[in-house]
Amino acid sequence: MNRKCRETVLAAAGIFLLMYALNYFMPLHRDDYEYSLIWLTNQHIASLPDVMESLWRHYLLHGGRMVAFFFLDVFLLWGKGIFDIANALMFLILIVLLTIHARRDWRFWQEPRLFAVMGAFAWLSFPHFGEVAVWKCGAAVYLWTGVFAALFLVPYNLQCRAMARETPPVRNWLIAPMLVLGVLAGWSVENLAVTVFALTAGLSWWARRKGAMPLWMPAGAFGAFVGLVLLVAAPGNFVRYDAQGSGKGILTHIGNQFAGNGEMALYILPLLLLLLAAGRIYRLHLAARVDMLHDNAAGERPCALKVGQIACLLWILLLVFSYFNGGFFANALRDFLVGHVLVPLGLDKPRTIEHFANVMAGFEEMAIYWLTIFFFYSLLKRSLGFSRDKLAAARTVSWLEVTHTFPAARYAAFLLLLALFNNFVMIAAPTFPARATFSSVAMILVAACAVLRDPVVADVLQSRAKKTLLAGAAAICSFTMAAALFITAAMQEENAVRIAIVEQAAANGEDIAYMKPIPLKNRALRHVFFVDFDNGVTKEGLCRYYGIKDICVER
């Protein structure tokens with residue numbers, strides 16, 4: 001095994017161990033209890049026939065995401081321990097597939113740094129990470145179907161790249177596998193299903209016009225169409241839409257677009273800033289100012305921090321210390337705002353104060369994240385020497401020229417537009433939660449990594465900003481990973497105490513289980529997912545699962 005393979009294996013092992021630890025600490029939660037029962041009954045799933053019965057009832061009464069819930073039900077039947085391993089492996093497979101898409105080549109192990117960067121970006125950028133990649137129900141819907149779609153699209157990506165260079169082989173043996181994979185990819189989540197079908201149909205048409213369309217391309221597109229029809233035609237979709245979408249006009253749907261895309265932008269801020277820096281490098285290259293990028297290329301010269309940067313760094317250190325010591329700063333700020341702002345305004349109802357306290361519980365982690373991003377971006381700009389003169393020179397080159405000249409930039413631009421289309425499809429849905437941007441963010445991850453590995457950009461970053469980027473990645477990832485592991489482990493303990501109360505109430509024949517609220521509020525930038533037991537969805541599933549009538553959280 002050569003050095004690159006060893007480094008890739010080490011990076012893969014790190015990703016798997018992190019994800020396994022989070023899955024191990026994450027208990028069954030919320031909808032997991034609902035899907036452990038035959039749908040809308042109190043009967044526990046105990047066999048594969050029970051799984052199929054539950055899926056059929058779900059298809060008729062709730063929705064069409066059968067591929068996701070088949071795997072969820074089966075793994076809930078087999079046990080949490082098996083799911084923990086399988087889910088960690090699925091996340092690792094997703095990173096492999098996204099790296100392949102960024103390289104447009106199967107041999108992902110040849111770029112261990114790109115593989116590690118993709119893993120770090122995925123960790124930071126997927127909105128509501130704990131909900132879409134760790135929580136069992138959410139991971140089955142978004143992570144697992146995302147893996148099927150990414151795998152299905154790999155042959156299309158490689159085919160299109162090969163067509164630009166040579167006449168690729170026909171590979172008729174792919175017809176049947178691509179048909180099956182197409183059904184799985186199309187029978188995923190609604191916006192991704194539409195995008196996958198539209199993309200594969202469009203690429204098949206384009207290949208046909210080029211006179212190089214193998215039969216597996218339209219076969220795969222047809223499979224994606226079949227999966228899409230099976231997904232959206234489920235009778236349960238109309239039942240659920242009547243409950244959730246009734247009375248919501250077009251303005252609500254348009255507003256959902258702003259909210260969903262806006263929240264996604266908050267999570268992918270590091271990607272957006274790096275893409276902005278890469279774009280400036282491209283433009284300076286075309287402006288014949290390459291000398292400005294490569295001067296002093298022997299390495300980053302240490303330079304004194306500015307006053308503003310020092311102040312920002314001190315704030316970060318104070319907030320980190322507070323965060324891991326009970327959040328004293330956020331608590332003091334919360335109490336001050338309640339006493340001097342909310343109470344004088346008459347906004348002192350208990351529910352209002354509770355909601356505000358929940359918001360303030362995430363204040364420190366969000367402030368640490370944002371301040372750290374902007375601190376290191378300011379260092380990156382200094383390392384790259386983005387002065388006013390350089391930026392003025394860059395602006396003389398249009399973005400159209402950049403995409404016309406550099407294939408990586410053109411590929412990235414296409415993926416960014418595809419991600420926006422994927423989000424736009426959600427305009428048909430009554431709601432647009434941030435977790436629905438999962439597949440769009442995956443496309444943006446591929447776009448960013450494709451640009452960052454382009455030698456035009458990579459050589460400049462390597463020579464001028466390597467230390468800055470490594471320090472920034474280490475700081476942000478270590479903080480979020482440590483916080484996520486710490487909070488998830490603590491949540492597991494809190495959950496175990498409350499489940500014991502529910503089990504004891506059921507064993508004693510009591511109708512109601514009484515418990516205190518979970519004191520945890522921080523969620524490590526949504527890398528941890530938990531909802532207290534009196535939430536409607538959580539309570540209903542738990543009560544039916546354990547055979548009691550109600551759960552009372554004594555606030």
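These notes cover the structure that comes with them. Worth saying up front: this structure is predicted, and the values here are computed from it rather than measured.

Glancing now at the pairing of strand S1 (residues 512-515). Going residue by residue along S1, you find Ala513 and Met515 tucked away on one face and Ile512 and Tyr514 left uncovered on the opposite face. Across four bridges, the pairing between S1 and strand S2 (residues 550-553) is parallel. From the neighbouring strand, isoleucine 512 faces S2, where its bridge partner is aspartate 550. Considered for its hand, the β-α-β crossover made up of S1, helix H26 (residues 536-546) and S2 is right-handed.

Across all of its chains, the model carries 14 salt bridges by this definition. The salt bridge involving glutamate 190 is made with arginine 65; its shortest N-O contact spans 2.9 Å. Placement of glutamate 190 in helix H10 (residues 190-209) and of arginine 65 in the loop between helix H3 (48-61) and helix H4 (66-78) is noted, with a sequence separation of 125 residues between them. The salt bridge involving glutamate 494 is made with arginine 498; its shortest N-O contact spans 2.8 Å. With glutamate 494 and arginine 498 both in helix H25 (residues 466-507), this residue pair falls four residues apart, about one helical turn. A residue is classified by how much of its surface remains accessible, and glutamate 494, at 22% relative accessible area, is partly exposed. One salt-bridge network, in which partners are shared between bridges, spans Arg103, Asp105, Arg107, Glu111 and Arg453.

This part takes up the packing of aromatic side chains. Aromatic ring pairs are described here by two measures, namely the spacing of the ring centres and the angle between the planes. Inspection of the entire model under this criterion finds 34 aromatic pairs. The interplanar angle of 70° and the centroid separation of 5.1 Å between the aromatic rings of tyrosine 156 and tryptophan 216 together place this pair among those described as edge-to-face. Highlighted residues: tyrosine 156 in helix H8 (residues 136-163) and tryptophan 216 in helix H11 (residues 216-232), separated in sequence by 60 residues. Assessed through its relative accessible area of 2%, tryptophan 216 is described here as buried. Here tryptophan 370 and phenylalanine 374 contribute two aromatic rings whose centre-to-centre distance is 6.0 Å and whose plane-to-plane angle is 25°, an arrangement assigned as stacked. Of this pair, tryptophan 370 and phenylalanine 374 are both found in helix H19 (residues 363-384), four residues apart, which corresponds to roughly one turn of the helix. Ring pairs connect the aromatic residues Phe70, Phe71, Phe75, Trp78, Phe83, Trp144 and Phe148, which therefore count as one cluster. Note that arginine 104 overlies the ring of tyrosine 411, its terminal NZ or CZ placed 4.5 Å from the centroid.

The rules behind the values
Residues numbered from 1 in each chain as written. Predicted model: local features only at pLDDT ≥ 70, side-chain atom pairs only at ≥ 80, totals over all residues. Heavy atoms only, no water. Buried < 20%, exposed > 50% of the residue type's maximum accessible area, 1.4 Å probe, protein only. Helix = DSSP H or I, 4+ residues; strand = E, 2+ residues; numbered from the N terminus. Pairing = 2+ DSSP bridges. Right-handed = clockwise from strand over helix to strand, strands pointing away. Salt bridge = Lys/Arg side-chain N within 4 Å of Asp/Glu carboxyl O. Phe/Tyr/Trp six-rings, centres within 6.5 Å; stacked < 30°, edge-to-face > 60°. Lys NZ or Arg CZ within 6 Å of the ring centre and 35° of its normal.

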